[in-house]
Amino acid sequence: MSDTDEIEDSSAPLIEHLAELRTRLIHSAIAFIIGMVICFTVWNPIFNFLTDPLCSTMAERGQADCGLILIKLQEGFFVAVSISLFGGLVLSFPYISYQLWRFVAPGLYKNEKNAFLPFLFASPVMFLLGASFAFYVVMPLAFDFFLGFQQSGNVGETGVEASIDFQGSVQEYLRLSIKFIVAFGLCFQLPVLLTLMGKAGLVSSQGLADVRKYAVVGILVLAALVTPPDVITQIILFVVVYGLYEISIQLVKRVETKREADLRAQGLWFDDEDEEAEDELMAEFDEDEDDESDDDPDGGPDDDPEDDPGMVETGR
């Protein structure tokens, strides 16, 4: 076989993988487009659902009018497109994850598949929990805080009313709502990510506990960046993410305990005491070798006849 044939044979699997990747990407793109078209046809009910936290908060404050305004003429169309893109991604995400799994799974061993598959299911569940927490808990509290800056009254004795009323932009409200949902959904991925890294041996429970103070600073910075500039939302996000961090430490510790039990069952686990004893034996062995080398600098038998009278006598 020539060198050219060997190169062509080695490149054949790569071409097959690239072709399969192209097929998976095309299927994912088609699923996303279908989901986007479906959401575009029903974008009004979706938008009404997204405005429920705002309308409920305004109703509790005695404001019956929950209307949002279009500042720009084309703003309504871009709102519909934004809802379609976000909704299409949500609808097609399970199928996209399935295509990703079908592409990666053939290259994994059976134990690796069993280890990775639970995280593939846990990721969308945790994102849904985070999005639900943001939608039903955080957003009403944040909107109540923002609406508290409205006012109505008279200026002096003139009878002129100086009121501050909320007239929100449709596009700005949608952008704020999506920011809340995505931020909390991604933050709820922290236990999944850290547990997966712990299972791969990239992090340890002790290591995560040692950097706890740095994690607190990082979570505070994250809360300040991904949430609106109000203290209530930032505190809620900090408390939730820090709680998830502590949960992640316990999950990683559980993974380590299970790994230790499996290695003990296979006879491949060594305690620290065994390692210390082995180190002491190696140290004693090294000392013995050093003593022998001191007796004979050449590292072998002493062949100098002057140092051995018997050899000198035999030489005579």
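Here, the structure is the one placed above.
Attention in this report is confined to the structure presented alongside it. Per chain, residue numbering runs from 1 following the sequence as it is written. Totals for whole chains, interfaces and linings use every residue, but because this is a predicted model, local features are given only for residues with pLDDT of at least 70 and side-chain atom pairs only at 80 or more, for both listing and counting. Excluding hydrogens and water, the side-chain figures rest on all heavy atoms present in the structure.

## Points about a positive patch on the surface
Each patch is built from residues lacking any salt bridge and having more than 30% relative accessible area; the joining distance is 9 Å for like charges and 5 Å for nonpolar side chains (Val, Leu, Ile, Met, Phe, Trp, Tyr). Each accessible area is a Shrake-Rupley result for a 1.4 Å probe, and residues are judged covered by the shown protein chains and nothing else. Salt bridge, as used here: a side-chain nitrogen of Lys or Arg that lies within 4 Å of a carboxyl oxygen of Asp or Glu. Here Asp and Glu are counted as negative and Lys and Arg as positive; His is not counted, and neither are the chain ends. Charged side chains are reduced to one point each, which is NZ for Lys, CZ for Arg, CG for Asp and CD for Glu. A grouping of K199, R254, K258 and R259 is seen on the molecular surface, where their side chains present a positively charged patch. In this description a helix means any DSSP run of H or I spanning at least four residues, a strand means any run of E spanning at least two, and both kinds are numbered starting from the N terminus. Ranked by residues supplied to the positive patch, first place goes to helix α10 (residues 231-266) with 3 residues. With respect to the element layout, K258 can be found in helix α10. Of the residues examined, K258 reaches a relative accessible area of 56% and is grouped as exposed. Per-residue accessibility, obtained with a 1.4 Å probe over protein chains only, is compared with the maximum for each type, and a residue is labelled buried under 20%, exposed over 50%, and partly exposed between these values.

## A closer look at α10
Expected helix span is computed as 1.5 Å times (number of residues minus one). Between the first and last C-alpha of α10 there are 53 Å, a value that for 36 residues agrees with the 52 Å anticipated at 1.5 Å per step. Turning to α10, its buried residues are T233, I236, L237, V240, V241, L244, Y245, S248, I249, V252 and V255. Of the surrounding secondary structure, the elements contacted by the buried residues of α10 are α5 (110-147), α6 (170-187), α7 (190-199), α8 (205-210) and α9 (212-226). Backbone geometry just downstream of α10 places G267 in the positive-phi region, at approximately 75°. Note on contacts: a residue pair qualifies if any of its non-hydrogen atoms lie within 4.5 Å across the two residues.

## Details of the packing of α7 against α10
Each axis is a line fitted through C-alpha atoms, taken for helices only over the stretch in contact, and angles between the N-to-C directions span 0 to 180 degrees. Their axes nearest at 8 Å, the elements α7 and α10 cross at an angle of 25°. Taken together, the axes of α7 and α10 are roughly parallel relative to one another. Of the two possible hands of crossing, α7 and α10 adopt the one that is right-handed. Listed contacts from α10 to L190, P191, L194, T195, G198 and K199 of α7 are V241, L244, Y245, S248, L251, V252, V255 and R259. Here the residues of the contact of α7 with α10 are counted per class, giving 9 nonpolar, 3 polar and 2 charged. The scheme is simple: roughly parallel for angles under 35 degrees, roughly antiparallel for over 145, roughly perpendicular for 65 to 115, oblique for anything else. In this scheme the handedness of a crossing depends on how the near helix is turned from the far one: anticlockwise by less than a right angle means left-handed, clockwise means right-handed. Under the convention adopted here, Pro, Cys and the residues Ala, Val, Leu, Ile, Met, Phe, Trp and Tyr are nonpolar, Asp, Glu, Lys and Arg are charged, and Gly plus all remaining residues are polar.

## Things to note about the state of the cysteines
Working definition: a disulfide is two cysteine sulfur atoms within 2.5 Å of each other. According to the stated counting rule, one finds 1 disulfide in the structure shown. Through a disulfide, C55 is tied to C66; the S-S separation comes to 2.1 Å. Here the disulfide of C55 and C66 is left-handed, its torsion about the S-S bond being about -85°. Of the two residues, C55 sits in helix α3 (residues 52-60) while C66 sits in the loop between α3 and α4 (75-104), which places them 11 residues apart along the sequence. By relative accessible area, C55 is classed as partly exposed at 26%.

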